[in-house]
Amino acid sequence: ILESGEIAATPSAEVVRYGIRATRPDDIAGVVASALSNGRIVGIYEARIGRGGTLLDPRRLEAHAMLERDGTLGFAPAVIAERAPQVFDSLRAWTVGTARPEWRERLGAALRLDAEVRVRPVSSDDAPRLHSILHAFASITDLPVVLERSFDGDGGRRVTSAEDALRRFLQMRIDALVLDGVLFEKCPELHQPTMRRSSRTHIAWCSRSRSG
């Protein structure tokens, strides 16, 4: 498995091994937000708080399909904390809330969980990386919410380290993983993808990351 320490400090550095490309983009939040808005599934592991999961654009068909296949276990809308009052009627972390009427259609898959949803307001203090991704995603889509699923919600072994997160990335239907400022991505010309998608789509995503 690639180690994040193998990536040099320069943003242009690239390591390819076992069909996985690893880069350190200048604007990793912007790269991930663009990927999400284009239907990619992106994992993120935050070692500082020992927590990780997969992120999806709640408007995309991939998110709907995952909910239909796997059920609602572990899924929740993650929302920029300072914008949570605009979208949901509850502000407490990891609580149940109802989306405000003007947001319901736009939240798509998130509202297929139930009329009331478990909401995770994300601040720069508790999860700075995810907070930056949410802001970048909102600047592209004007939607301050992504659908998040804990790594521990898939019934597998608990993820408690960066090494666990990398293994889960290789095993699951995830296109890319953000780990300590490094972007890991599966490339179809080198790695057999775990998800049925066109090679052209995957190659385009890999190429974008290379230019970082």
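Residues numbered from 1 in each chain as written. Predicted model: local features only at pLDDT ≥ 70, side-chain atom pairs only at ≥ 80, totals over all residues. Heavy atoms only, no water.

## Points about the environment of H64
Secondary-structure assignment places H64 in helix α2 (residues 61–70). Look at H64 and you get buried, because its relative accessible area is 16%. Dropping the residues within four chain positions of it, H64 is found in contact with P58, R59, G108, A109 and R112. (Helix = DSSP H or I, 4+ residues; strand = E, 2+ residues; numbered from the N terminus. Buried < 20%, exposed > 50% of the residue type's maximum accessible area, 1.4 Å probe, protein only. Contact = heavy atoms within 4.5 Å.)

## Thoughts on the environment of L111
Among the structural elements, L111 can be located in the loop between α4 (101–107) and β7 (117–122). Spatially, the C-alpha atom of L111 lies 8.0 Å from that of A99, the residues being 12 residues apart in sequence. Setting aside residues up to four positions removed in sequence, L111 forms contacts with A99 and R104.

## Things to note about the pairing of β7
In summary, the side chains of a regular strand alternate between the two faces of the sheet. β7 sits mainly inside the fold: 5 of its 6 residues count as buried. With 3 bridges connecting them, strand β5 (residues 75–80) and β7 associate as parallel partners. The residue of β7 that forms the bridge with V79 is P121. Where strand β6 (residues 95–97) and β7 come together, 3 bridges link them in antiparallel fashion. Each residue of the ladder has a partner; that of V96, found in β7, is R118. (Pairing = 2+ DSSP bridges.)

## Notes on the confidence of the model for the protein
Here the protein averages 78 in pLDDT, while 75% of its residues score no lower than 70. With pLDDT under 50 throughout, residues 4–12 is counted as low confidence; its partners more than four residues away or in other chains account for 19 contacts. Across residues 207–212, confidence stays below pLDDT 50; counting only partners more than four residues off in sequence or on other chains, it has 10 contacts. (pLDDT = per-residue confidence, 0-100.)

## Here we look at the pattern of salt bridges
Going through the model one piece at a time under the given rule, you end up with 6 salt bridges. Note that R83 and D142 form a salt bridge whose closest N and O atoms lie 4.0 Å from each other. Taken together, the positions of R83 in the loop between β5 and α3 (84–87) and D142 in the loop between α5 (128–141) and β8 (145–150) put the pair 59 residues apart, joining distant regions of the chain. When the shortest N-O distance is used, the salt bridge between R167 and D164 registers 3.8 Å. Here the residue R167 and the residue D164 both occupy positions in helix α6 (residues 162–171), the gap between them amounting to 3 residues, near one helical turn. (Salt bridge = Lys/Arg side-chain N within 4 Å of Asp/Glu carboxyl O.)

## A word on the pairing of β8
Buried residues dominate β8, accounting for 5 of its 6 residues. Relative to β8, strand β4 (residues 51–56) is paired through 4 bridges, and the arrangement is antiparallel. Of the residues in β8, the one forming a bridge with G53 is S150. Pairing of β5 with β8 involves 5 bridges; the strand directions are antiparallel. For F75, the partnering residue across the bridge sits in β8 and is R149.

## Some remarks on the packing of aromatic side chains
Counted by the stated rule, this structure contains 0 aromatic pairs. Here the basic side chain of K186 rests over the ring of F169, its NZ or CZ set 4.9 Å away from the ring centre. (Phe/Tyr/Trp six-rings, centres within 6.5 Å; stacked < 30°, edge-to-face > 60°. Lys NZ or Arg CZ within 6 Å of the ring centre and 35° of its normal.)

## Thoughts on the side chain of K186
Tracing the chain through its elements places K186 in strand β10 (residues 182–186). There is a polar contact of 2.7 Å between the side chain of K186 and the backbone oxygen of F169. (Polar contact = N/O pair within 3.5 Å; in protein donor to acceptor, adjacent residues only side chain to side chain.)

## Some words on unusual backbone geometry
One non-glycine residue with positive phi stands out, namely D142, at about 60°. Its identity is not glycine, yet D180 carries a phi of approximately 50°, on the positive side. Its place among the elements puts D180 in the loop between β9 (176–179) and β10.

## Focus: the packing of helix α1 (residues 28–37) against α5
The angle between the axes and the distance between the axes are what describe a pair of packed helices. Where α1 contacts α5, the two axes come as close as 8 Å, and the packing angle between them is 55°. With respect to α5, the axis of α1 lies oblique. The element α1 and its partner α5 pack so that their crossing is right-handed. For the pair α1 and α5, contact is made by I28, A29, G30, V32, A33, S34, L36 and S37 and by R129, S132, I133, A136, F137, I140 and T141, respectively. Taken together, the residues of the contact of α1 with α5 break down into 9 nonpolar, 5 polar and 1 charged. (Axes fitted to C-alpha atoms, helices over the stretch in contact; angles between N-to-C directions. Parallel < 35°, antiparallel > 145°, perpendicular 65-115°, else oblique. Left-handed = near helix turned anticlockwise from the far one by under 90°. Nonpolar A, V, L, I, M, F, W, Y, C, P; charged D, E, K, R; others polar.)

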